[in-house]
Number of protein chains: 2
Amino acid sequence: MKIFTDMIMDDAAWKLLRDGVAPHEIVTPEEPAASVLSNSGADPALAEVDAAFGQPDAAAVLQSSRLRWLHVASAGYTRYDTNEFRNAARTRGLVVTNSSAVYAQPCAEHVIAFMLAQVRQLPASLANRSENGSNDWNVLRDSCSLLREQNVVILGFGAIAKHLIDLLRPFDVRVTAMRRKLAPGENIPVVTSEQLSDALAEADHVVNILPANSESARFMSAARFAEMKRGAIFYNIGRGSTVDQDALAAALHSGLLAAAWLDVTEPEPLPPGHPLWKTPNCFITPHIAGGHRNEMQSLVRHFLDNLRRFLEGAPLRDRVM
Amino acid sequence: MKIFTDMIMDDAAWKLLRDGVAPHEIVTPEEPAASVLSNSGADPALAEVDAAFGQPDAAAVLQSSRLRWLHVASAGYTRYDTNEFRNAARTRGLVVTNSSAVYAQPCAEHVIAFMLAQVRQLPASLANRSENGSNDWNVLRDSCSLLREQNVVILGFGAIAKHLIDLLRPFDVRVTAMRRKLAPGENIPVVTSEQLSDALAEADHVVNILPANSESARFMSAARFAEMKRGAIFYNIGRGSTVDQDALAAALHSGLLAAAWLDVTEPEPLPPGHPLWKTPNCFITPHIAGGHRNEMQSLVRHFLDNLRRFLEGAPLRDRVM
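The structure presented is a predicted model; accordingly, all values stated were derived computationally and were not measured.

**Regarding the relation of the copies chain A and chain B**
- Each copy of the sequence occupies a distinct position, and chain A is placed on chain B by a rotation of 180° and an axial shift of 0.0 Å, giving an RMSD of 0.0 Å. What we have between these two chains is a two-fold relation. Among all residues of chain A, the one whose C-alpha sits closest to the rotation axis is A:Ala113, at a distance of 3.0 Å.
- A symmetric contact is evident, with 100% of the interface residues of chain A recurring at the interface of chain B.

**Re the interface of chain A and chain B**
- Contact with chain A, which involves 57 residues of that partner, is made by 57 residues of chain B.
- Interface area for chain A against chain B, summed over the two sides, is near 4,900 Å², with a carbon-plus-sulfur share of 60%.
- In this structure, A:Glu295 engages B:Arg141 in a salt bridge whose closest nitrogen and oxygen atoms are separated by 2.8 Å.
- The interface formed by chain A and chain B contains 28 residue pairs in polar contact (both at pLDDT 80 or more).
- If you list the elements that add at least two residues to the side of chain A that touches chain B, you get helix H4 (100-119), helix H5 (122-126), helix H6 (135-143), helix H7 (159-168) and strand S12 (282-284) of chain A.
- The dominant element in the side of chain A that touches chain B, judged by the number of residues it contributes, is H4(A), at 11 residues.
- For the side of chain A that touches chain B, the residue count by class is 30 nonpolar, 16 polar and 11 charged.

**Structural notes on the sheet that holds strand S9 (residues 205-208) of chain B**
Residues and elements named next belong to chain B.
- Sheet architecture is open: seven strands sit in the order S8-S7-S6-S9-S10-S11-S12, paired in parallel fashion. Every interior strand has two partners, whereas the edge strands, strand S8 (190-191) and strand S12 (282-284), have only one.
- Pairing of strand S10 (residues 232-236) with strand S11 (residues 257-262) involves five bridges; the strand directions are parallel. Within the sheet, the bridge partner assigned to Phe 234 lies in S11 and is Ala 260.
- Taken strand by strand, helix H4 (residues 100-119) contacts strand S6 (151-155), S9, S10, S11 and S12, and its axis lies near 150° from that of S11.
- Against the sheet, helix H7 (residues 159-168) engages S6, strand S7 (174-178) and S9, with an angle of about 165° to S6.

**Description of the pairing of strand S4 (residues 69-72) of chain B**
Residue and element names in this part refer to chain B.
- Residues Trp 69 and His 71 of S4 are buried on one face, and the alternating residues Leu 70 and Val 72, pointing to the opposite face, are buried as well.
- One ladder, built from four bridges, connects strand S3 (residues 51-54) with S4; its direction is parallel. In the strand pairing of S4, Ala 51 is matched with Trp 69.
- Each parallel crossover has a hand, and for S3 linked through helix H2 (residues 58-63) to S4 it is right-handed.
- For S4 and strand S5 (residues 95-97), the ladder comprises three bridges, and the chain directions are parallel. Within S5, the position partnered with His 71 by the bridge is Thr 97.

**Here's the deal with the pairing of strand S9 (residues 205-208) of chain A**
- Of the two faces of S9(A), both are covered, the one formed by A:His205 and A:Val207 as well as the one formed by A:Val206 and A:Asn208.
- Handedness of the β-α-β unit built from S9(A), helix H9 (residues 222-227) of chain A and strand S10 (residues 232-236) of chain A comes out right-handed.

**As for the environment of B:Pro23**
All names here are of chain B.
- Locating Pro 23 in the fold gives a position in the loop between helix H1 (11-21) and strand S2 (25-27).
- Given a relative accessible area of 78%, Pro 23 falls into the exposed group.
- Linking Pro 23 and Met 1, residues 22 residues apart in sequence, is a C-alpha distance of 8.5 Å.

Here is what the cut-offs are and how they apply
- Residues numbered from 1 in each chain as written.
- Chains lettered and ligands numbered in written order.
- Predicted model: local features only at pLDDT ≥ 70, side-chain atom pairs only at ≥ 80, totals over all residues.
- Heavy atoms only, no water.
- Least-squares fit on C-alpha atoms with pLDDT ≥ 70 in both.
- Contact = heavy atoms within 4.5 Å.
- Buried area = accessible area lost by both parts, 1.4 Å probe.
- Salt bridge = Lys/Arg side-chain N within 4 Å of Asp/Glu carboxyl O.
- Polar contact = N/O pair within 3.5 Å; in protein donor to acceptor, adjacent residues only side chain to side chain.
- Helix = DSSP H or I, 4+ residues; strand = E, 2+ residues; numbered from the N terminus.
- Nonpolar A, V, L, I, M, F, W, Y, C, P; charged D, E, K, R; others polar.
- Pairing = 2+ DSSP bridges.
- Axes fitted to C-alpha atoms, helices over the stretch in contact; angles between N-to-C directions.
- Buried < 20%, exposed > 50% of the residue type's maximum accessible area, 1.4 Å probe, protein only.
- Right-handed = clockwise from strand over helix to strand, strands pointing away.

Written out as structure tokens, the structure reads:
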């Protein structure tokens, strides 16, 4: 069996992959990709492999008649998330998995870090040296709040949302999730995008985990921000393209939103003069919500676990097509 | 019944108190206290009341032969936490309660805000505008970690610690708590200060919630910091006096500790030239861990709940003596 990978990895991760894949053969691209999130370009080697691990070019994947399994090395899989690709994969019998299991916990922890930094006012309080009992101190102390019993709306109800809901459980928040299609047996209230208005109007925290695809482009529009409660907080760890950033900036300037915490933007990073850099209460981390120590090794372990399943003919984890 | 209070409150909290206490009489000091955390001084009015709510002078409390119940308006009660006061209260039949129930949740949320801000590297990542795949970005992403499966040691095992442990449960951390005396039936490992060394050596996160008293002064000494694992994180939301701040600064400078997050210091605030302001990876909030919107109303509600119990002869909540 031949396995293509365009992963950029440290020595430890490479060793883990080579040892885990042996005796099967690893094939690498001639031109390496710039980052784990970017496209490595069409590579002729893809035509001669049975499986691929990384972020290979979508067209080259479909052109490879031999390829039976693609394991995407991220939680997002935008370039493959088209009707054309889905139909071609179905026709060809190509199985597609992603790395949700690797990123669900870091992303969920990142969101709660954002939420608690907001309610505990960390950016302001870490910069404040006021004296107990002073007016400044009283104002700061009164601006702190609790996550407990607040209303949380989660846009996108996949692996990250489910981890997030687990972590939020002891905070006694009220969670409503939005997903494309309703499924029976959910243990929290779930709505479709058509039913979202009421939930948005009640939400203290709106957490956007939407992937980038044709349905989600500018999902958080001026109209949707206008449906939110005054003083609510918006978070985005999905994809920047799902938000109308001008509308977001306006909602922050008007005070409709009390704050926004973004791990993703469009583009990334925002250019130096971009208004969101100077918008009050807009806090931005540079697309690191999924990052964690030895991330490459985590990705390799997840791939190897799926490789074992693939070889045994068992169901793969994190299958998306 | 006459009830003394030296609380500094907004109108809404005053109304809540007056309405809740009626028909009993409220007595206020001639000289108001500077803040909820400071001493209002000995007040002759204390001699003529049955109950007190706030932070009255300890000596004046003991001199009042009529006073039967003191409800302290904070979680800490250092000025009353002496053998002399405890013995006198016992002899006199004076009941003392504190406001732990009001502060446990905000303090626990504040600690988790600190812990998650640390593992997700929020101070560094909010200041970082690096591009996906750049060296800076890879370094930052790799510096992020997970709370999941880390070792947490909590110094002080009261109401805040118990709330904290509840909130930490879904993160699958391993928690060990230290308390003065062991009690049977705890659902986590609990050690005394004599048994602390092994736990400190294994801890990724050491959370100090110790109150200030004669046993806890400089509890976190140079020797105890030296027992901690290289790269561990120290948090303090107890009292500043429980930490040897010179030893803490040295442990941060040497890299023994990766970071410290402090809500309390000695004094508060630290003076402008204090070394901890410039110590790398030392993050300080100005004693606001317990703060939350409408805090005064929360304190009044808790007092009124205990007043009802007091009048009914029922056991009081948060009784400390």
